[in-house]
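Each chain, letter by letter, is given below.
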Amino acid sequence: MGAAAEMLGVSPAFLRALGAAKLIEPKRSSGGHRRYSRYQLRLAARARELVDQGTPVEAACRIIILEDQLAEALRINNARDRPVEH
């Protein structure tokens, strides 16, 4: 967790807050250390951007979840709208 926090320029408490808000749920190593994926680190970086702009952590997490859901819906719609090639 310390390395991830340092990489993002945040505190470990900030990453724990993102976990409490259900934005990211890191895997655990056999020693109990949190392991973040690249995707989770991108989400945490986006959360930091929003928080730095004055958005409360809980609201930032909700915004990111909605952005992610919208991107997935657009991806599905675009895939569905493409003609099938034979």
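The structure this text deals with has already been given above.
Everything numeric in this text was worked out from a predicted model, so none of it was measured.

### Focus on helix H3 (residues 38–52)
In this model, H3 (15 residues) spans 21 Å end to end at C-alpha, consistent with the 21 Å of a helix rising 1.5 Å per residue. Residues of H3 that are buried: Gln 40, Leu 41, Leu 43, Ala 44, Ala 47 and Leu 50. For H3, the secondary structure elements touched by its buried residues are helix H1 (2–8), helix H2 (12–20), strand S2 (34–35) and helix H4 (57–81). Residue Gly 54 follows H3 closely and has a positive phi angle near 105 degrees.

### Considerations on H2
Burial in H2 covers these residues: Phe 14, Leu 15 and Leu 18. Looking straight down H2, one finds its buried side chains confined to an arc of 100 degrees; they lie on one side. Against H1, H3 and H4 lie the buried residues of H2. Positive phi appears at Lys 22, one or two residues downstream of H2, with a value of about 65 degrees.

How each quantity is defined
- Residues numbered from 1 in each chain as written.
- Predicted model: local features only at pLDDT ≥ 70, side-chain atom pairs only at ≥ 80, totals over all residues.
- Heavy atoms only, no water.
- Helix = DSSP H or I, 4+ residues; strand = E, 2+ residues; numbered from the N terminus.
- Expected span 1.5 Å × (residues − 1).
- Buried < 20%, exposed > 50% of the residue type's maximum accessible area, 1.4 Å probe, protein only.
- Contact = heavy atoms within 4.5 Å.
- Arc of directions from axis to C-beta.

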